[in-house]
Amino acid sequence: MNCTSWPLRRMQIIDRHHDLQRPRTLCAALAVALILTGGVSPHAQAAPVRYSFAVIAGTLQSSAEEAPTQRLIDAIGRNRDMSFIVYDGNLKGAKEACGDSLYERRQALLEAARPALIFIPGQHDWTDCGTTEAGGFDPVERLDQLRQTLFADASSMGQNPLALTRESEVSRFRPYRENVRWQLGDTVFIGLNAPDPNNHYLTAGGRNGEFEDRVIANAFWLEHAAEYAKRRDARAIVIFIQGDLDPERYERPDRFAWLRFARNSHRDGFLELKRSLVKVAEIFRGPVLLIHCDDQRAAGGFVIDQPLRNDKGEVVTNLTRIAIAPRDRLDQWIQIEADMAHRPPFRVSVRDVPKNLPLLPVQPAQGVPPAPASDETAPALLTPPALNQSLNPASNLPPLLPATPQPEQPISPPVSPPTEGGEAPSMNGAPSMPSNPAGMPASSVQRGP
């Protein structure tokens, strides 16, 4: 049965207190737990919370990149206003074997982060483990291993963890510990397991069991989170996945599909996810942000647009996609600042690691062997100028980006909004995004399967 057809009134909204299972900083953990409980009515909250969070991804492609990644995480943690970090997939490289010791060593590195760190599983973490270079493991078995280790606790990673609500608390979806939800102020955050390539849809014959079951679990978790945010009068929803769901690929329902005997050789593994995202935007009428990795098209560090459409072919104007790809993934991170008292409430920028911040030796976890010696060296660290971008998730205008890079910004953002000289360009005044064909209206940008 498709879970998206379940009546919302039958959903049991999961919102419980979690006991942190690891020895962490108690006072910080209690403060975060107070924010996340949901036992306090949203109407009882004071002014909207102003916060910042960082997004990084794919910085651990080899053992040579462990020290630069540690420096990157340390640079982010030096910002006292940083609420949490999201590591958006790929804690190992495609050519690294998916062994338990490697996972343990990388987990220990992420655990050292000063802020809370939420890990989203990606392509190299489990879907590519069946290749010869990755050790010829069973991908589903490797995913189960991640669920028993990296996703075992009720809290996030990091030295000041956040309490997480996991989908595994729903009895029917007990295995899906990687799908999480947390709340900061009046924003609800969701992490989903939806990796490249093509959401792990396999073209071989027979039932595509892992994919089909996860599609149902993901759809339920998205719809459940939208209802949760709606009932608590949240002001925004932010969703993280690793895979590029190719949102520009718009597929209309075809009432005459049964007349065609030939099957489409390239089945869109993200089709159900895109439909679920559209439904989330219908249930929750506030701004919805989708953040994922995009190593090809985000040449300036990130891309912001509104590419999803409903069944009528209309742009879903309250859903905005942010595709991230820092030019130097070991020396830059994507920072998103939120202030619900302002409009637009979100600002996106690329931040650089300070040039004088030294590399530190990676400390191996207790009982975990150190990384084997490697001839590989860390890639050269580039420092292109930082970009700044205003974001209006509920805009009815076509997606826009600045034409020229903005001046480099300091690591620590100013306490007050930027002045006129340093303010990020508004989406209402920037030139059109180059991804749309010249002279073509936004409503005509759509591609078939």
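Model, not experiment: these values are computed from the prediction. (Residues numbered from 1 in each chain as written. Predicted model: local features only at pLDDT ≥ 70, side-chain atom pairs only at ≥ 80, totals over all residues. Heavy atoms only, no water.)

S.K.: Even after reading the chapter, I still don't get the overall build of the chain, so can you show me in this structure?
M.R.: When helices and strands are tallied, the chain shows 7 helices and 13 strands. Put simply, the chain has 449 residues, and 55% of those count as buried. By element, 53% of the accessible surface of the chain is carried by carbon and sulfur atoms, the whole surface being about 20,500 Å². (Helix = DSSP H or I, 4+ residues; strand = E, 2+ residues; numbered from the N terminus. Buried < 20%, exposed > 50% of the residue type's maximum accessible area, 1.4 Å probe, protein only. Areas by Shrake-Rupley, 256 points an atom, 1.4 Å probe, with all protein chains shown as cover.)

S.K.: Could you clarify how one ought to interpret the state of the cysteines in this entry?
M.R.: Chemically, a disulfide is nothing more than a covalent bond linking the sulfur atoms of two cysteines. In the structure shown here, the tally under the stated rule is 1 disulfide. The disulfide bridge from cysteine 98 ends at cysteine 129, spanning 2.1 Å between sulfur atoms. Its S-S torsion of about -90° marks the bond between cysteine 98 and cysteine 129 as left-handed, since a negative value means left-handed. Note that cysteine 98 is positioned in the loop between strand 2 (82–88) and helix 3 (100–111) and cysteine 129 in the loop between helix 4 (123–127) and helix 5 (139–148), a separation of 31 residues in sequence. The exposure classification of cysteine 98 matches that of cysteine 129, with both residues buried. (Disulfide = S-S within 2.5 Å.)

S.K.: I keep staring at unusual backbone geometry and nothing clicks. Help me out?
M.R.: Glycine aside, negative phi is the norm for most residues, and most peptide bonds take the trans geometry. A cis amide bond links aspartate 196 to the next residue, proline 197, at an omega of -15°. Here proline 197 shows up in the loop between strand 6 (187–191) and helix 6 (209–231). With an omega dihedral of 5°, the bond running from arginine 343 to proline 344 counts as a cis peptide bond. Along the chain, proline 344 falls in the loop between strand 11 (332–339) and strand 12 (346–352). Even without being glycine, asparagine 198 reaches a positive phi, approximately 55°. Along the polypeptide, asparagine 198 turns up in the loop between strand 6 and helix 6. Notably, aspartate 246 is not glycine yet its phi reads approximately 50°, a positive angle. What makes aspartate 246 partly exposed here is its relative accessible area of 24%.

Function-wise, these values are silent; they only describe arrangement.
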